[in-house]
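What the coordinates show
Here are the chains, one letter per residue:
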Amino acid sequence: MLIDSLKAQYVPDGRVAIFKVEAAFDNGRLVLKGETDQPEALEILVDQLSEHELESQINLLPDESTYAYKHAIVNNSVANLRSNPKHSAELATQAILGTVMKVLKITGEWYLVQTPDDYIAWVDHGGVSLKSEEDFAVWENVEKVIITSNHAIVADDQENIVSDVILGNILEKISETKEAWLVRFPDGRTGKVSKDSALDYQVWLTALEPTGDLIESYARSLMGTPYLWGGTSSKGMDCSGFTKTVYWMNGLIIPRDASQQVNAGVVVDADLKFENLEKGDLLFFGKPATDSTKQRTTHVGIWLDNSEFIHASKQVRISSIDENSPNYDEFNKNRYLGSRRYLKNGEGNIVDLKTELTFQK
């Protein structure tokens with residue numbers, strides 16, 4: 001079927017693109033219904049069906065509801081993004097304070113958004129601040145700070161708590177004292193955060209040199225963080241949310257899920273012998289391909305050296321492939337699928353923050 005063919009071509013991964021289209025005849029007229037964010041696919045579909053009397057009721061995203069607000073900036077230390085526009089829906093992913101997202105659709109108090117790693121999900125109005133093009137341009141050009149500790153507090157002049165903040169959060173920098181940054185949230189709230197917990201963003205970025213040692217340092221700093229399905233923050237994280245957070249603090253935006261991360265970077269250890277791995281490489285686990293099924297990647301961790309890797313499983317912890325080690329992980333060793341190297345190998349959907357203009361100030 002034409003619709004299925006176009007969907008397979010333009011939306012092979014429904015987490016990062018939309019092509020939900022149906023066709024049916026109504027009194028001899030072919031009616032198209034649904035929505036998509038793929039204008040080229042829609043154009044081809046309409047063209048291929050032009051021999052019919054055609055009525056298109058397809059909502060092209062971003063749609064008219066976003067006319068005034070093209071962008072949303074995460075307004076809380078972490079925002080929950082859900083699979084459907086209701087609080088009871090599955091937690092699809094999270095986005096942390098300062099993250100800029102594309103708004104695809106506004107439905108009441110829920111917004112369909114797309115994150116910098118292309119993930120599409122719903123966020124409620126309390127989690128983000130909508131921005132017009134003018135307001136967004138202001139955000140792009142203000143100086144910023146980045147939170148470098150796992151948890152901290154922003155307080156007002158009377159020491160009342162304005163908000164918590166967490167590792168990787170980005171706020172507008174207003175001014176500074178000897179001990180603190182005066183910062184502004186996307187919704188206009190202001191407060192101060194200790195310089196022990198944050199750095200000037202541009203200073204941090206300029207000095208940043210992603211290395212295996214720096215990856216290990218941030219990974220170890222998250223030891224004991226509880227596992228949370230869909231989590232991507234130091235409050236709770238799943239396996240790929242953990243690797244995503246660690247690489248974010250190394251200046252890289254990487255794909256969201258393990259099954260997406262396995263397609264980025266370059267292959268190492270193709271023979272599955274845990275050889276020639278370097279600190280910071282991503283190890284992938286799951287079910288290998290068979291004659292009738294595709295490979296299924298369900299878990300990811302970070303190689304540390306000395307036969308050990310760190311991953312989010314129950315909580316962030318270190319496991320070993322050495323059967324004589326007290327933290328030997330037989331289960332994951334037996335489902336090892338291979339490794340990928342991201343450092344200095346940015347193939348695939350990997351964004352270097354040093355070239356990402358949204359955070360350059």
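The structure reproduced in this document is the subject of the present report.

Re the sheet that holds strand β26 (residues 336-341)
- Ordered by their spatial adjacency, six strands build an open sheet running β21-β26-β22-β23-β24-β25, and the pairing between neighbours is antiparallel. Bordering the open sheet on either side are β21 (266-268) and β25 (315-320), each of which pairs with just one other strand. Averaged over all pairs of adjacent strands, the angle between strand axes in this sheet comes to 35°, irrespective of strand direction.
- Sheet topology note: the strand β24 (residues 308-313)/β25 ladder contains six bridges and is antiparallel. Directly across from F309, in β25, lies its bridge partner S319.
- Of the strands in this sheet, β22 (282-287), β23 (296-305), β24 and β25 are in contact with helix α6 (residues 239-248), which crosses β23 at around 45°.

A few points about α6
- Of all 10 residues that make up α6, 10 are buried, and the element is covered over most of its length.
- Where α6 is concerned, the buried positions are C239, S240, G241, F242, T243, K244, T245, V246, Y247 and W248.

Thoughts on the pairing of strand β12 (residues 151-155)
- In this sheet, strand β13 (residues 161-166) lies alongside β12 in antiparallel orientation, the contact comprising five bridges. Within β13, the residue paired with H151 across the bridge is I166.
- Here β12 folds back onto β13 in antiparallel fashion, the turn holding five residues, of which E159 has a positive phi close to 70°.

Remarks on the side chain of S149
- Of note, S149 is situated in the loop between β11 (144-147) and β12.
- Note on S149: relative accessible area 18%, which makes it buried.
- A polar side-chain atom of S149 sits 3.4 Å from a polar atom in the side chain of S197.

Thresholds, definitions, all that
Residues numbered from 1 in each chain as written. Predicted model: local features only at pLDDT ≥ 70, side-chain atom pairs only at ≥ 80, totals over all residues. Heavy atoms only, no water. Pairing = 2+ DSSP bridges. Helix = DSSP H or I, 4+ residues; strand = E, 2+ residues; numbered from the N terminus. Axes fitted to C-alpha atoms, helices over the stretch in contact; angles between N-to-C directions. Contact = heavy atoms within 4.5 Å. Buried < 20%, exposed > 50% of the residue type's maximum accessible area, 1.4 Å probe, protein only. Polar contact = N/O pair within 3.5 Å; in protein donor to acceptor, adjacent residues only side chain to side chain.

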